[in-house]
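Architecture at a glance
Here's the letter readout for the chains.
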Amino acid sequence: MNFSHEYQVFIDNARKLLSEAGIWDVESDLECLIDRYLERSNKEQAYNEFMLAVYERCNRIPLGHIVNSVNFDGLPLVVGSGVFIPRTHSQLIHKWINKESNIPSGSTVLDLCSGCGAIGLSIAKRRPDLNVVCVEYDTVAFQYLVRNINRLSNLSIKAQAFQTDLRDLQSLDKFKKSVSLIVANPPYIPEKHSILPEWEKHHPYVSVYSGDDGLDLIRSIIIQSKQSLKASGWLVIEHQENQQNAVGNLFLKEGFSQVRTIIDNDSSDTTGLSVITIGINDF
């Protein structure tokens, strides 16, 4: 991309500011901000908005909250303040579905803690023969979820939204023994654990933290999944790399079999590894 000398000075300054602020992928963030703000006819206004965005990013506001969009698995999703920004780590779920699962056509799939709908809508794109239900509790996140479902329906990507509180152990009773696959990227950070400010300060607390050990909601999900899944139905949960033994034991405690943890370096980045634990409901 060729810019005038004046604009190149602006861009070099932005690169320096982002680097000094500790942004872990300066070039990717800078490319997104350039694409969003500088390719405009009113160059002065474009520069002012670009620099405001750079300053916000230097303050560690998540990039998706600044540009109000994120690309996940080729899907252009609307996001903003108050909703969790999906990460590439979750694409490991789709890799596993494509490679190893054998979900029959017409099956019901639940995407729990759906947020803006990234995982569920990506499954719906890849497997239009499935009945995908995106489950979310938070009011703001649910608004983004419904908006993304409605937008992507214009691309023939179909999913349903269901609002319920997964902390209530009866929240999924309507799906009892009717689901073939449950996927979840729940909050899993221990409450007193310090993390990058993008998540610690600028994401909704309930989308990041879950009890003293980070496993409170995961426990509820595993218990309810046992009741919602058909025999031979699969449960897939994303979590931190240092939680694999604890999560695996929770699967086993509730009677899941073929339990294993998968780590995918290709879906990981410098903020952490891409990790899921899977298990099958035998009865």
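Scroll up for the structure.
For clarity, every value in this text was computed on a predicted model and none was experimentally measured. (Residues numbered from 1 in each chain as written. Predicted model: local features only at pLDDT ≥ 70, side-chain atom pairs only at ≥ 80, totals over all residues. Heavy atoms only, no water.)

Helix and strand content of the protein: 10 helices and nine strands. At 20 Å, the protein has a C-alpha radius of gyration in line with the 19 Å of a compact globule built from 283 residues. The principal-axis extents of the C-alpha atoms in the protein amount to approximately 65 × 40 × 35 Å. A buried classification covers 53% of the 283 residues belonging to the protein. At a minimum sequence separation of 6, the contacts of the protein that also span at least 24 residues come to 67%. (Helix = DSSP H or I, 4+ residues; strand = E, 2+ residues; numbered from the N terminus. Rg over C-alpha atoms; globule rule 2.2 N^0.38 Å. Buried < 20%, exposed > 50% of the residue type's maximum accessible area, 1.4 Å probe, protein only. Contact = heavy atoms within 4.5 Å.)

A few words now on the packing of helix α9 (residues 216-228) against helix α10 (residues 244-253). At a minimum axis separation of 10 Å, α9 and α10 run at an interaxial angle of 30°. In this view, α9 runs roughly parallel relative to α10, as classed from their interaxial angle. Crossing angle aside, the handedness with which α9 passes α10 is right-handed. Residues Ile-218, Arg-219 and Ile-222 of α9 lie in contact with α10, whose contacting residues are Val-247, Leu-250 and Phe-251. The residue inventory of the contact of α9 with α10, partitioned by class, reads five nonpolar, no polar and one charged. (Axes fitted to C-alpha atoms, helices over the stretch in contact; angles between N-to-C directions. Parallel < 35°, antiparallel > 145°, perpendicular 65-115°, else oblique. Left-handed = near helix turned anticlockwise from the far one by under 90°. Nonpolar A, V, L, I, M, F, W, Y, C, P; charged D, E, K, R; others polar.)

Of the strand pairs in this sheet, strand β4 (residues 131-136) and strand β5 (residues 160-163) are connected by four bridges, and their pairing is parallel. Residue pairing for β5: Glu-136 is matched across the bridge by Gln-163. On the question of chirality, the crossover connecting β4 to the parallel β5 by way of helix α7 (residues 139-152) is right-handed. (Pairing = 2+ DSSP bridges. Right-handed = clockwise from strand over helix to strand, strands pointing away.)

Right, let's get into the environment of Ile-182. Residue placement: Ile-182 occurs in strand β6 (residues 179-184). For Ile-182, a relative accessible area of 0% translates into the label buried. Sequence spacing of Ile-182 and Ser-4 is 178 residues, and the spatial spacing of their C-alpha atoms is 51 Å. Apart from residues lying up to four places away in sequence, Ile-182 is in contact with Leu-110, Leu-112, Ser-225, Ser-228, Leu-229, Trp-234, Leu-235 and Val-236.

Ranked by internal contacts, the top residues of the largest apolar core, which has 39 residues, are Leu-77, Trp-96 and Leu-181. The element that contributes the greatest number of residues to this core is α7, accounting for six residues. Filtering out sequence-adjacent residues up to four positions away, Leu-77 remains in contact with Asn-68, Ser-69, Val-70, Phe-72, Pro-86, Cys-116, Ala-118, Leu-121, Asn-148, Arg-151 and Leu-152. The next biggest cluster of nonpolar side chains, apart from the first, holds 30 residues, and it includes Leu-110, Leu-166, Leu-172 and Tyr-209. (Core = buried A, V, L, I, M, F, W, Y, C linked by side-chain atoms within 4.5 Å.)

Once that is clear, we can look at the pairing of strand β8 (residues 256-269). Here β8 runs beside strand β9 (residues 272-281); their pairing, made up of eight bridges, is antiparallel. The residue bridging Arg-260 from the neighbouring strand is Ile-278, located in β9. Hairpin connection of β8 to β9: two residues between the antiparallel strands.

Bringing the pattern of salt bridges into the picture now. Considering all chains together, one arrives at 13 salt bridges under this definition. In this structure, the salt-bridge partner of Arg-15 is Asp-12, at a minimum N-O distance of 2.9 Å. You can see Arg-15 and its partner Asp-12 sitting in helix α1 (residues 5-20), three residues apart, about one turn around the helix. By relative accessible area, Arg-15 is classed as partly exposed at 28%. A salt bridge links Asp-213 to Arg-219, with the shortest nitrogen-to-oxygen separation between them at 2.4 Å. Taking the relative accessible area as the measure of exposure, Asp-213 reaches 30% and is therefore partly exposed. It is possible to trace a salt-bridge network through shared partners that takes in Asp-29, Arg-57, Arg-60 and Glu-198. (Salt bridge = Lys/Arg side-chain N within 4 Å of Asp/Glu carboxyl O.)

What follows concerns the packing of aromatic side chains. Counting across every chain of the model gives six aromatic pairs. Ring geometry for Phe-251 against Phe-256: centres 5.5 Å apart, planes inclined by 55°, an arrangement best described as tilted. Each member of the pair, Phe-251 together with Phe-256, is buried. Geometry around Tyr-37 places Arg-36 over its ring, the cationic atom sitting 4.9 Å from the centre. (Phe/Tyr/Trp six-rings, centres within 6.5 Å; stacked < 30°, edge-to-face > 60°. Lys NZ or Arg CZ within 6 Å of the ring centre and 35° of its normal.)

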